[in-house]
Amino acid sequence: MTLVAMNRKLPNRTWLAAVWLAASLLFIPMSMAQGAGQSAPPNTGVWPAGSDQYTFHMIGNAHIDPVWLWPWSEGVAVVHSTFRSALDRMNEDPNVTMTTSSSQFYEWVAANDPAMLAEIKKRVEEGRWDLVNGWWVEPDVNIPNGESLARQGLYGQEVLQQLFGRTAKVGYNPDSFGHPGSLPQILKLEGMNDYVFMRPGVLEKKIPGNLFWWQGIDGTRALTFRILFSYADGSLSVEPLMKRSITELSTQPLRDAMSFFGVGDHGGGPTKANMASIKLVQSEPGAPKIFYSSPDRYFAEVRAKLNAADIPVLKDDLQHHSVGCYTAEASVKKGNREAEAALTTAEKIAAVGSVVWGAHYPKSDFTESWKRVLFLQFHDSMAGTALPEQYKSVHEGQGRAIDIAQQSMYVNAQKLAWEVPTTDPNSNYLFVFNPHAWSTTQNVEYDFGMREKTPVTVEDGAGKPVPFQWVQATTAAQGRRRLVAQVSLPAFGYQQIRIRNLEPNDAATTSTLRAEGNALENEHLRVTFSPDGTLGIFDKDAGKDVFTGGQTGARAVVFKDENDTWAHNFVAYTDELGAFKQDSIKLIESGPLRARMRVHSVYGNSSLTTDWILYAGSRNVEARVALDWHEHMKMLKYSFPVAVQNPKATYEIAYGAMDRATKNEEDPGQRWIDVDGDRSGTQYGFAVINDAKYGYSVDGSDLRVSVARGAVYANHMPQKIEPDKDYIWQDQGLQTFNMILVPHAGGWQDAGIVRKAEELVSPALTVYQGIHRGTRPLSDSFLSVDVPNVVISTIKQAEDGDDLIVRMYETAGRETTANINLKFAKAHWTGKLHPFEIKTLRIKAKTSAISEVNILEK
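Since we're looking at a predicted model, the values are computed, not measured. Positions within a chain are numbered from 1, following the residues in the order the chain's sequence is written. Side-chain atom pairs in this predicted model are given and counted only at pLDDT of 80 or more, local residue features only at pLDDT of at least 70, and totals for whole chains, interfaces and linings cover all residues. Each side-chain value is derived from all of the structure's non-hydrogen atoms; neither hydrogens nor water enter the calculation.

Asker: So what exactly am I meant to see when it comes to the overall build of the chain here?
Answerer: We count a stretch as a helix when DSSP gives it H or I for four or more residues in a row; a strand needs E for two or more, and each element gets its number in order from the N terminus. When you go through the chain residue by residue, the secondary structure sums to 16 helices and 45 strands. Our radius of gyration looks at C-alpha atoms and nothing else; its globule reference is 2.2 Å times the residue count to the power 0.38. Computed over C-alpha atoms, the radius of gyration of the chain comes to 29 Å, within 12% of the 29 Å expected from 2.2 N^0.38 for 858 residues, which places it in the range of a compact globule. Counting only C-alpha atoms, the chain reaches 115 × 65 × 50 Å along its principal axes. When accessible area is computed with a 1.4 Å probe and restricted to protein chains, residues below 20% of their type maximum are described as buried, those above 50% as exposed, and intermediate ones as partly exposed. Taking all 858 residues of the chain together, the buried fraction comes to 62%. Any two residues whose heavy atoms approach within 4.5 Å at even a single point are treated as in contact. In the chain, once contacts between residues fewer than 6 apart in sequence are set aside, the share between residues at least 24 apart is 72%. Each accessible area is a Shrake-Rupley result for a 1.4 Å probe, and residues are judged covered by the shown protein chains and nothing else. Per element, the accessible surface of the chain, about 32000 Å² overall, is 50% carbon and sulfur. The charged-residue count follows a simple rule in which Lys and Arg add positive charge and Asp and Glu add negative charge, with His and chain termini not counted at all. Just so you know, the charge point we use is NZ for Lys, CZ for Arg, CG for Asp and CD for Glu. One finds the centroid of the 86 positive side-chain charges in the chain at a distance of 2 Å from the centroid of its 98 negative side-chain charges.

Asker: Can you help me understand the packing of helix H5 (residues 103-112) against helix H7 (residues 146-164) in this one?
Answerer: Pairs of packed helices are described in terms of their axes, by the angle between the two and the distance that separates them. Under this scheme, a helix contributes an axis fitted over its contacting stretch, all axes are lines through C-alpha atoms, and angles between N-to-C directions fall in the 0 to 180 degree range. Running from N to C, H5 and H7 cross one another at 40°; their axes reach a closest spacing of 9 Å. When the axes of H5 and H7 are compared, the pair comes out oblique. Considering the relative orientation of H5 and H7, their crossing is left-handed. Judged by residue contacts, Ser103, Tyr106, Glu107 and Ala110 of H5 engage Gly156, Gln157, Val159, Leu160, Leu163 and Phe164 from H7. When residues are sorted by character, Ala, Val, Leu, Ile, Met, Phe, Trp, Tyr, Cys and Pro go into the nonpolar class, Asp, Glu, Lys and Arg into the charged class, and all the rest, Gly among them, into the polar class. Residues belonging to the contact of H5 with H7 are distributed by class as follows: 6 nonpolar, 3 polar and 1 charged. Any angle from 65 to 115 degrees is called roughly perpendicular, while one under 35 is roughly parallel, one over 145 is roughly antiparallel, and all others are oblique. Handedness of each helix crossing follows the sense of rotation of the near helix against the far helix: counterclockwise by less than a right angle gives left-handed, clockwise gives right-handed.

Asker: Sorry, what's going on with the confidence of the model for the chain here?
Answerer: Any region with low pLDDT has predicted coordinates that should not be read closely. What pLDDT reports is the predictor's confidence in each residue, on a scale of 0 through 100. When pLDDT is averaged along the chain, the result is 93; 94% of the residues meet or exceed 70. In the predicted structure, residues 1-40 sits below a pLDDT of 50 and forms 43 contacts with residues beyond four places in sequence or in another chain.

Asker: It is not clear to me how the sheet that holds strand S30 (residues 656-660) should be interpreted in this structure. Could you clarify?
Answerer: Strand pairs in the sheet, formed through backbone hydrogen bonds, run parallel or antiparallel to each other. Pairs of strands are assigned from DSSP output, requiring at least two bridges between the strands. Across the sheet, 9 strands lie side by side as S24-S25-S26-S27-S36-S33-S32-S29-S30; this open sheet has antiparallel pairing. Only two strands of the sheet have a single neighbouring strand rather than two, namely strand S24 (581-590) and S30. This sheet shows a mean twist of 20° between the axes of neighbouring strands, independent of strand direction. In this sheet, strand S27 (residues 621-629) lies alongside strand S26 (residues 606-615) in antiparallel orientation, the contact comprising 8 bridges. The partner of Trp612 across the bridge, within S27, is Ala623. This element, helix H16 (residues 753-761), spans strand S32 (672-679), strand S33 (682-690) and strand S36 (733-745) of the sheet and lies at about 15° to S33.

Asker: How should empty space enclosed by the protein be read in this particular structure?
Answerer: Picture a little ball the size of a water molecule; that probe, rolled over the atoms, points out where space is still empty. Two kinds of site are reported from a 1 Å grid over the protein atoms alone, namely cavities, where a 1.4 Å probe fits but cannot get out, and pockets, open sets with protein on both sides within 12 Å along at least five of seven lines, and residues are called lining when an atom falls within 4 Å of a point. Grid points are joined across faces, edges and corners, and a volume is the space filled by probe spheres set on the points. Inspection of the entire model under this criterion finds 6 cavities of 30 Å³ or more. As a volume, the largest cavity reaches approximately 310 Å³. Lining the largest cavity are 23 residues, and of these Asn145, Thr344, Arg671, Glu758 and Val761 sit closest to its centre. Secondary-structure elements contributing two or more residues to the lining of the largest cavity are H7, helix H12 (330-356), strand S29 (645-653), H16 and strand S40 (790-797). Among the residues forming the lining of the largest cavity, the class breakdown is 8 nonpolar, 8 polar and 7 charged.

Asker: Would you explain the sheet that holds strand S45 (residues 850-853) in this entry?
Answerer: Spatial ordering of the open sheet is given by S40-S41-S44-S45, a layout of 4 strands whose pairing is antiparallel. If you trace the sheet from one side to the other, it starts and ends with S40 and S45, each paired once. Taking each pair of neighbouring strands and ignoring which way they run, the sheet shows an average axis angle of 25°. Alignment of strand S44 (residues 838-843) against S45, held across 4 bridges, turns out to be antiparallel. Residue pairing for S45: Arg842 is matched across the bridge by Ser851. Seen against the sheet, H12 touches S40 and strand S41 (804-810) and runs at an angle of roughly 65° to S40.

Asker: Looking at this structure, I do not really get the side chain of Gln769. What am I missing?
Answerer: Position of Gln769 relative to the elements: it lies in strand S37 (residues 765-769). Here a polar contact means two N or O atoms within 3.5 Å. Within protein one must be a hydrogen donor candidate and the other an acceptor candidate, and residues neighboring in sequence count only if both atoms are side-chain atoms. There is a polar contact of 2.9 Å between the side chain of Gln769 and the backbone oxygen of Ala417. If near-sequence neighbours (up to four positions away) are discounted, Gln769 is found in contact with Ala417, Val420, Thr422, Tyr429, Leu430, Phe431 and Gln496.

Asker: Quick question: what am I supposed to make of the nonpolar core here?
Answerer: Generally speaking, soluble globular proteins have nonpolar side chains that are buried together. Judged by nonpolar contacts, the single largest core of 166 residues is most densely connected at Phe83, Ile120, Trp129, Phe225 and Phe433. Dropping the residues within four chain positions of it, Phe83 is found in contact with Ile64, Thr100, Phe105, Tyr106, Val109, Met116, Ile120 and Trp129. Each nonpolar core is a collection of buried residues, namely Ala, Val, Leu, Ile, Met, Phe, Trp, Tyr and Cys, held together in the definition by side-chain atoms within 4.5 Å.

Asker: Looking at this structure, how should I read the environment of Leu376?
Answerer: Locating Leu376 in the fold gives a position in helix H13 (residues 363-376). Residue Leu376 is classed as buried on the basis of its relative accessible area of 0%. Beyond its immediate sequence surroundings of up to four residues, Leu376 is in contact with Ser381, Met382, Gln390, Ser393, Val394, Gly397 and Gln398.

Asker: How should the packing of aromatic side chains be read in this particular structure?
Answerer: Describing an aromatic ring pair means giving the distance of the ring centres and the angle of the ring planes. Two aromatic rings from Phe, Tyr or Trp, using only the six-membered ring of Trp, form a pair when their centres are within 6.5 Å; if the ring planes differ by under 30 degrees the pair is stacked, by over 60 it is edge-to-face, and anything between is tilted. What the rule picks out here adds up to 36 aromatic pairs. Seen in terms of ring centroids, Trp357 and Phe782 are 5.6 Å apart; in terms of plane orientation they differ by 40°. Their pairing is tilted. Of this pair, Trp357 sits in the loop between H12 and H13 while Phe782 sits in the loop between strand S38 (779-781) and strand S39 (784-785), and the two are 425 residues apart along the sequence. With a centroid separation of 4.8 Å and an interplanar angle of 50°, the aromatic rings of Tyr655 and Tyr809 are classed as tilted. Residue Tyr655 is located in the loop between S29 and S30, and its partner Tyr809 is located in strand S41; the two are separated by 154 residues in the primary sequence. A relative accessible area of 6% means that Tyr655 is categorised as buried. A residue is classified by how much of its surface remains accessible, and Tyr809, at 5% relative accessible area, is buried. The lysine or arginine in question, Arg337, covers the ring of Tyr694, its NZ or CZ lying 4.1 Å from the ring centre. Charge over a ring is defined by NZ of Lys or CZ of Arg lying within 6 Å of the ring centre and within 35 degrees of the ring normal. The ring of Tyr684 carries Arg679 above its face, with NZ or CZ at 4.1 Å from the centroid.

Asker: Help me understand unusual backbone geometry, please; the structure alone is not making it clear to me.
Answerer: Glycine aside, residues mostly have negative phi, and peptide bonds are mostly found in the trans state. The residue after Arg199, namely Pro200, is reached through a cis peptide bond having omega 5°. As for its placement among the helices and strands, Pro200 is situated in the loop between strand S5 (194-197) and strand S6 (211-215). Each neighbour pair has its own omega, and for Met717 with Pro718 the value is 10°, a cis peptide bond. Following the sequence through the fold, Pro718 ends up in the loop between strand S35 (702-708) and S36.

Asker: What am I meant to see in the environment of Val621 here?
Answerer: Position of Val621 relative to the elements: it lies in strand S27. Considered as a pair, Val621 and Ala341 are 280 residues apart in the sequence and their alpha carbons are 22 Å apart. Here Val621 is in contact with Leu525, Val527, Ile537, Trp612, Ile613, Leu614, Met739, Ile740 and Leu741, once residues within four sequence places are set aside.

Asker: Before we go on, may I ask you to explain H12 in this structure?
Answerer: Given 3.6 residues per helical turn, the α-helix brings residues three or four places apart onto the same face. A helix's residues, less one, multiplied by 1.5 Å, set its expected span. Taking 1.5 Å as the rise per residue, H12 with 27 residues should run 39 Å; its terminal C-alpha atoms sit 39 Å apart, in good agreement. Counting buried positions over the 27 residues of H12 gives 22, a clear majority of the element. Backbone geometry just after H12 places Gly358 at a positive phi near 75°.

Asker: Looking at this model, I keep getting lost on the pattern of salt bridges. Mind explaining?
Answerer: Side-chain pairs of opposite charge can arise where the charged atoms are in close proximity. Between Lys or Arg on one side and Asp or Glu on the other, a salt bridge is scored when a side-chain nitrogen of the former is within 4 Å of a carboxyl oxygen of the latter. Scanning the model with the defined rule gives 57 salt bridges in all. Notably, a salt bridge pairs Glu589 with Arg594, separated by 2.6 Å at the nearest N-O pair. With relative accessibility at 10%, the residue Glu589 sits in the buried group. The partner of Lys844 in a salt bridge is Asp803, with the nearest N and O atoms 3.6 Å apart. A residue pair is termed long-range when its members are at least 10 positions apart, and Lys844 in the loop between S44 and S45 and Asp803 in the loop between S40 and S41 qualify at 41 residues. On the basis of relative accessible area, Lys844 is assigned to the partly exposed category, the value being 43%. Relative accessible area serves as the criterion here: at 10%, Asp803 is assigned to the buried category.

Asker: Could you clarify how one ought to interpret the packing of H12 against H13 in this entry?
Answerer: Where H12 contacts H13, the two axes come as close as 11 Å, and the packing angle between them is 160°. Of the possible angle classes, the one that applies to H12 and H13 is roughly antiparallel. Judged by the twist between their axes, the crossing of H12 over H13 is left-handed. Contacts between H12 and H13 involve Asn336, Ala339, Glu340, Leu343, Thr344, Ala346, Glu347 and Ala350 from the first element and Phe366, Ser369, Trp370 and Val373 from the second.

Here's what the structure looks like:
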């Protein structure tokens, strides 16, 4: 039927709807129609009573997943076609606006199509193309650490400033699967006071209203809007979504909202059908007031219109959506933590070294490495929910970043080590560098070529004996031995240790460490291993067992996990299927410094090999874990049932920590989790620190670390796994990681948990020294902070020159005054930090003058 024929046969409203439907079918590109979901019927023109009281800012949007069910290379093409389509729609209607995020997209356009970039610039200048989310991509924000979230803003806003002469004012991360309570402060320090998100949705998180003040752990507030139902309404008509939104808003005082339209995920953006539908709504009696707008305009208008005191406040993080994403694709999670730690450590050494000993600072290499790591933190990539091919790309990108960082830190450390003299050709020397701003004692390991019966002693630069023992080398070559030495290190500095031949009858080493049968023991702890696969720790200082159930409490437990890859509509693993059982136990090291028990356990088709290590004088237990996992649709968790009453659970999050409920909900965390409570009238707690995991839960006082799942790649509900089909399963095979178990009196803030976590993921660098002259002392320090609850997380060169940037944050939730000795810059800084505050300093290269700046280094 032709449009002319339709016009002759149909009444006016039906005619308009038919024209609109035909136009939509004629002009929506196929690439946009894909992923649009089911099409809604044309506008009905019938609105519920009271609809005209509402105002909707219509946000033309193209949600682009640069990688998901397609490779990132396809994502580049999707960005280009989507932007072309959006510009064409804007050319057709001078009122249409466009909103999109991710500075990486604009950098691609600048490189591949300068003419398109010029078109976008024109629309930006007109106020019709809204630059939001000054981040590199729309990242997962539960997995990346605080410095990664800082770099998202630093590099993202820098590109916007370079290309458009302005930065984003609105944080915009609709599709990410949760948002930590430290984010409001980070956003503000990046120049963004407002935030837009969508997940968790209405059924996943109760909030006081779709517009609210989100108050972070430090007290910073961001005016925040939760998108109603969808960030990319792929329907032909905008009417159904607005009607749903009015129903939702009817229970709130809010009458001004944003409504997002356009095709998304695989790009697309506003369509002619959307535009025709909006025109119809604007002409309909009783309809809400709607107009093309932008997030910037929306927040500006509601700030002007509403009394700030009348806007509700939420003091919490924004969870839970897709809790399986905290654990899925374990190797990517571990690689992310390694890359973050390697880059920040390399930057610190290069930045300080460029001032003190002429080290090279490879700024462009660091910047490109960070940008690649940030891109790989895109939410579908980091969450483990992309296609399998993406994870080959992730491993390559993370590996390249780690290699660049390792090359820089070791070459620069060697340059300094060459200036520290080694004078005895009959001795071996190691140069050990501490990358942290506090003095510490660390256990370092190094393989040597040395006859097994050669008696030696180990001493530091002052000639003081260093506790040590020999253990089996990492290779089977003849004449190799591995030294384990406990070295005292100055704050952000180095210590030389010397391994020299012993004279006959030299003093023998004594130790309080004992290893026998199924137990390890020192003066503080007794660790026992039960045949049923459980672990017990008796705290000799407290006189009680750490875990419930006596000395056999902790275990590796397997839970049912018949969820999709995301674990949609799911919050807690409760259906226990069994536990790993001990298959063998073997004492493999026993010496004056440490004892090491290897426990091999099995479950189903999987095996777990854990080396439990106890050092003399230590209150910590170290675990080196090798899991060979071959289970499907199951979750493995380490369970540590802490023997306390009235438990409180604290999780590390990006640049901070927060307490969460102990209701067994799966929660995201960074490197550590702690449970403390009452024990016979005194406070007692237990923490687990690790170098690879992000998923946790606490059931009462049972602290659990999520280790591995067994999901199918990108299996999205309602798709069901069919038993007669072959699938590619995640996390099959070998994975390794390390844990530190820390029983402690009092709260976590006074147990050194944050510093221990820093030392685990960024250990001291150990460099072999040849024999040479030198002019530097055998030990030295270049930087220190005088309080235990301030961590200097970053030292780097400024993006716009040779000035140095020093970033710190308060770690314990306590107001504090910190004194920082910036010896390397011949400067000193004293200042107050409120609880969980992030501070950034800029040190002038020529004068060493210090000023406080934001994350953007301004």
